[in-house]
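Structural overview for review
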Amino acid sequence: MKKLFRNIMALLVCAVLIATVFTPAAGASAAETASAEARLSTRNTKIWVNGKTTVSFTLTDRTADETLTVTPEDSSLVKTKVGKWKGDRVNVAFTPKKTATTTVMVSCGGESIKLTLVMRKQKAMTSEEIYAYLYDASVEIKTWDSEGNVYIGSGFFVGAGQVITALHVVSSASKITITDYSGTQYDIRSVAASSEKKDLILFNVEDKNKSAVTLASDIAGGEKMYAFGSPAGVTATFSTGVVSNPYLKMDGGVFFQSTMPAGIGSGGGPMVNQYGQLIGIMSLTVSAAQNLNFGIRFNVVKSFLDGITGSSEISLEDFYKGNAGKVKETNDYNIIGKTSNSVDNSAYGVGQKELDSTGIYNIARDAMVDIVVVYEDGNGSSGSGFFIDRETIVTCAHVVSHGKIVYLKVTDYNGNEYEVMSSPRMDTKYDVALLTIETTSKTASHGELGLATGYIPLGGETVYAFGSPAGYSATFSEGITIMPTASLSDAEAGGLGISWNLKFIVFSAPIYSGSSGGVLLNKYGQAIGIVSGMINVTENLNLAIQIEQIKKAN
């Protein structure tokens, strides 16, 4: 895998709303809060209400004369409506009248549950908000088979102390660990239920989770969606796409199709709509195609969860026994070693004007250049770069560091050529190089990009890449921030000859060979990164060196 990744890095040188939105869990379930024999229960007791939201309640062994009542703390804040009972289950709809936090008391059968409602009038959430919510609800699941092979998958909390994933993620496990993205590991108490037909499994774990995700009630073709997972073992990978087919049957299962980038290791992760509602669980990907991925539909997940009874539960030891002797090919590629989503750039935006994609394109285009290099041994390379002042161009060191340069051509996107005065200033350990051009009265006029030194984009924030992938000059692409700050693992950094301390922004805007040295831009049209490489074992998982690293080349 390390060789594969190095090859890719080298390649770049050469050329309406009805449902619950997001439900943070609030400790124990209602049944656990009251007593072990409690009849009235619901999956979560703290509900994020984004528009009309439904919450399901169960009253075990309900009789016909038992009815459910809902008493708001303040009826001026929220409208409630109790649906029709279906057996022991009933839905309650909550509609916010104002943006506020309030409580309601739900009672039936002589028992009560207090719900906390965090309500907002805003409907669609920003990608940054969805990133923050899902970050606390998602987990990485690591398994070891009988021969010690490591397999990494994804999962998420659907209630207090309940983690769901795709069954195939843990199908050969003789050992399992569940760890959230902040590094907290959860001891597994038991397997609450599993279904081979639905490819789902629910674990009971220590009840310490911060957040949980609840189900949508519909899915529409063309709607925007988001997901979290660990493709290629890259923890906390956030991605976006659209629902390309809301309903299809394959191999006896019911799925939906999406354009969301994914890869091996994404399986079991949450797939949500723009309201933060769970529309499905990542299940399958077609590796021979681009962004052709499939999720287990929310209604299949709901059917699975609703069908769980006490008799479904088995011990973890018994689950391991059922996997005795099974093996699985590892997908623990160990590419990204360190990550952080801790970002606060709110102060930076004061006085700044956000631009649309057209405005950013127009600002950046005239500052971009193509770079072609020929070395003394006859080999050559190409890449991209950008002006940061009248005479200085920034690019990646690996674009210009493969030997003694005998020919160096720099051309802007308007066709103007520039003469480089001397050898590039560079630091190969930080993969940064600066080119100084000769300036005269006849030097062509070009743009310059402002540097947002110290600016780190939020997870899910929109970013833009500019460069010349595959030699196609002036290629502009849009994506999101997958990880605000990341470093390569020690093994990867050592294999590539770069510093283990080199800080990257991981992003999804499409790039390819020839993009290296190009620019990554924020919503203000400023340079926040130098496009550096891509991880080819998954889709749209790309790296940009944080812009402050240019000081290493001075």
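In this text the structure is predicted, and so the values were computed from the model without any measurement.

**Describing the overall build of the chain**
- When helices and strands are counted, the chain shows eight helices and 36 strands.
- Since a compact globule built from 554 residues should have a radius of gyration of about 24 Å, the 26 Å found for the chain is in line with a globular shape.
- The buried share of the chain, taken over its 554 residues, is 55%.
- Only carbon and sulfur atoms are counted for the fraction: they give 48% of the accessible area of the chain, which is about 22500 Å².
- Counting 46 positive and 52 negative side-chain charges, the chain places the centres of these two groups 5 Å from one another.

**Notes on the sheet that holds strand β22 (residues 314-315)**
- Taken in spatial order, the eight strands of this open sheet run β13-β12-β9-β10-β11-β15-β14-β22, and their pairing is antiparallel. Lying at the two open borders of the sheet, with one neighbouring strand each, are β13 (185-186) and β22.
- Relative to strand β10 (residues 150-159), strand β9 (residues 138-144) runs antiparallel, the two sharing seven bridges. In the strand pairing of β10, E140 is matched with S154.
- Against the sheet, helix α3 (residues 127-137) touches β9 and β10, its axis set at about 40° to β9.
- In the packing of helix α4 (residues 298-306) onto the sheet, contacts are made with β10, β11 (162-166), β14 (188-195) and β15 (200-205), and the angle to β15 comes to roughly 50°.

**A short note on the pattern of salt bridges**
- Per the stated rule, a full pass over the model turns up seven salt bridges.
- Taking the shortest distance from any N to any O, the salt bridge between D306 and R89 comes out at 3.6 Å. Linking D306 in helix α4 with R89 in strand β6 (residues 89-96), this pair joins segments that are 217 residues apart in sequence.
- For D306, a relative accessible area of 26% translates into the label partly exposed.
- Overlapping salt bridges bring together R89, K302 and D306 as one network.

**Describing α4**
- What α4 keeps buried is the set F298, V300, V301, F304 and L305. On an axial view of α4, the arc spanned by its buried residues comes to 160°, and they lie on one face.

**Some points on unusual backbone geometry**
- One non-glycine residue, D61, lies in the positive phi region at around 55°.
- Secondary-structure assignment places D61 in the loop between β3 (53-59) and β4 (69-72).
- Since its relative accessible area comes to 61%, D61 is described here as exposed.
- Residue N540 is not a glycine yet carries a positive backbone phi of 55°.
- Within the secondary structure, N540 sits in the loop between β35 (527-534) and β36 (542-546).

**Topic: a nonpolar patch on the surface**
- A contiguous nonpolar surface patch, about 260 Å² in accessible area, is contributed by V372, V406 and Y407.
- Residue position: V406 is located in strand β27 (residues 405-412).
- Looking at V406, the relative accessible area reads 53%, which means it is exposed.

**A look at the sheet that holds strand β5 (residues 78-82)**
- Sheet architecture is open: four strands sit in the order β1-β3-β6-β5, paired in antiparallel fashion. This sheet does not close on itself; its edge strands, each paired only once, are β1 (40-42) and β5. Direction aside, the axes of adjacent strands within the sheet are offset by 30° on average.
- Two strands pair when backbone bridges link them, and β5 and β6 are joined in this way by five bridges, in the antiparallel orientation. Within the sheet, the bridge partner assigned to K81 lies in β6 and is A93.

**Considerations on the environment of I511**
- The residue I511 is located in the loop between β33 (504-507) and β34 (519-521) in this model.
- Discounting chain neighbours no more than four positions away, the residues touching I511 are A465, P469, V531, G533, M534 and N542.

**Here's the deal with a positive patch on the surface**
- On the surface, a cluster of positive charge is made up of K52, K79, K81 and K97.
- Following the sequence through the fold, K79 ends up in strand β5.
- The class of K79 is exposed, set by a relative accessible area of 53%.

**Concerning the pairing of strand β25 (residues 380-387)**
- Taking burial as the measure, the eight residues of β25 include seven buried ones, the bulk of the element.
- With seven bridges connecting them, strand β24 (residues 368-375) and β25 associate as antiparallel partners. Within β25, the position partnered with V369 by the bridge is G385.
- Connecting β24 to the antiparallel partner β25 that follows it, the hairpin turn spans four residues, and G378 within it adopts a positive phi of roughly 95°.
- Strand direction decides the pairing type here: β25 and strand β26 (residues 392-395), joined by two bridges, are antiparallel. Opposite F386, over in β26, you have V394 as the bridge partner.
- Once β25 ends, the chain turns through four residues before running back antiparallel as β26.

**Notes on the pairing of β9**
- Extensive coverage of β9 is indicated by the burial of five of its seven residues.
- Two successive antiparallel strands, β9 and β10, enclose a turn made up of five residues, where G148 displays a positive phi of approximately 90°.

**Topic: the nonpolar core**
- Of all hydrophobic cores here, the largest spans 56 residues; its most connected members are I336, I371, F386, V410, L488, V519 and I530.
- Take this core: its biggest share by element is five residues, from β24.
- With residues near it in sequence (within four places) discarded, I371 still touches S381, S382, G383, S384, G385, T395, V399, V400, L408, K409, V410 and L435.
- Counting 35 residues, the second-largest nonpolar core is a separate cluster that includes I130, L202, I296 and L305.

Rules used throughout
- Residues numbered from 1 in each chain as written.
- Predicted model: local features only at pLDDT ≥ 70, side-chain atom pairs only at ≥ 80, totals over all residues.
- Heavy atoms only, no water.
- Helix = DSSP H or I, 4+ residues; strand = E, 2+ residues; numbered from the N terminus.
- Rg over C-alpha atoms; globule rule 2.2 N^0.38 Å.
- Buried < 20%, exposed > 50% of the residue type's maximum accessible area, 1.4 Å probe, protein only.
- Areas by Shrake-Rupley, 256 points an atom, 1.4 Å probe, with all protein chains shown as cover.
- Lys, Arg positive; Asp, Glu negative; His and termini not counted.
- Charge placed at Lys NZ, Arg CZ, Asp CG, Glu CD.
- Pairing = 2+ DSSP bridges.
- Contact = heavy atoms within 4.5 Å.
- Axes fitted to C-alpha atoms, helices over the stretch in contact; angles between N-to-C directions.
- Salt bridge = Lys/Arg side-chain N within 4 Å of Asp/Glu carboxyl O.
- Arc of directions from axis to C-beta.
- Patch = residues over 30% accessible without salt bridge, like charges linked within 9 Å, V, L, I, M, F, W, Y side chains within 5 Å.
- Core = buried A, V, L, I, M, F, W, Y, C linked by side-chain atoms within 4.5 Å.

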